[in-house]
Amino acid sequence: MPSPKRKTLLVLLLGILGLAVLAAGYDWYRGRYQRTVLFDAPELRLPPGLEGPGPIRLVHFHDPACPCNVGNQQHLAELVERYAPLGVTFHAVQRPGSRGGLPPALAVLQPLAALPGSEELPGSPALAIWDRQGRLAYFGPYSEGATCTSANSFVEPVLDALLAGRPVRAGGTLAEGCFCAWR
């Protein structure tokens, strides 16, 4: 039977090893997904059939394999619950060549094959919002930071302004957070 000093030393060494593994995993995550991205898509357009005057349209850009989606899916479901009854329509574009799909809670999002200009998106998850005249009002992230909630969201103020009839032109958003490459 090992002495109490050896047990303590073994527990201490295992704890240090565990912390080192955790730190390495976090460092890998930050290096791969935590980044600063300039969201700018001047060529982004609605596809035929959706362009022009109509409801306010929100398009969610996602890659099912991206771990960053986990942080915004609950927020997106809350947006659908709050704004769909007010006439906002919700659509989704999946990263070309990716596999998988949205979780069942987001099955209400109408899938789009692609959007003109979406080939050059800087990262995902992201969204675009078009006003009632069919003009791009916002393109960018849901929020800035590691998590996405209504507390730090860029989306609700844009939708509220558009629903109140106020014009919005928010482009060229620089954000730091969890984003996966789109291209």
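Conventions and cut-offs
- Positions within a chain are numbered from 1, following the residues in the order the chain's sequence is written.
- Local features in a predicted model are, by the rule used here, given only for residues with pLDDT of at least 70; side-chain atom pairs are given and counted only at 80 or more, and totals for whole chains, interfaces and linings are based on all residues.
- Calculated side-chain values reflect all of the structure's heavy atoms, with hydrogen atoms and water omitted.
- Criterion for a disulfide: a pair of cysteine sulfur atoms within 2.5 Å.
- Helix and strand assignments come from DSSP, with helices taken as H or I runs of at least 4 residues and strands as E runs of at least 2, each series counted from the N terminus.
- Buried residues are those whose accessible area, probed at 1.4 Å on protein chains only, stays under 20% of the maximum for their type, while exposed residues exceed 50% and partly exposed ones sit between those limits.

As recorded in an unreviewed UniProt entry, the chain goes by the name Thiol-disulfide isomerase, listed as coming from Azotobacter chroococcum.

A. Representation of the state of the cysteines within the structure. This model, assessed by the stated rule, comprises 2 disulfides. Across a sulfur-sulfur distance of 2.0 Å, Cys-66 and Cys-180 are joined as a disulfide pair. For the disulfide bridge between Cys-66 and Cys-180, the dihedral angle about the S-S bond is near 85°, and by the sign convention the bridge is right-handed. Of this pair, Cys-66 sits in the loop between β2 (57-62) and α2 (70-83) while Cys-180 is found in the segment after β7 (173-178), placing the two residues 114 residues apart along the sequence. With respect to class, Cys-66 is no different from Cys-180; both count as buried. The disulfide partner of Cys-68 is Cys-178, and the gap between their sulfur atoms is 1.9 Å. What sets the handedness of the Cys-68 and Cys-178 disulfide is the S-S torsion sign, and at about -75° it is left-handed. With Cys-68 in the loop between β2 and α2 and Cys-178 in strand β7, the pair connects residues that are 110 residues apart, well separated along the chain. Disulfide connectivity for the chain, with bonded cysteines indexed by sequence position, reads 1-4, 2-3.

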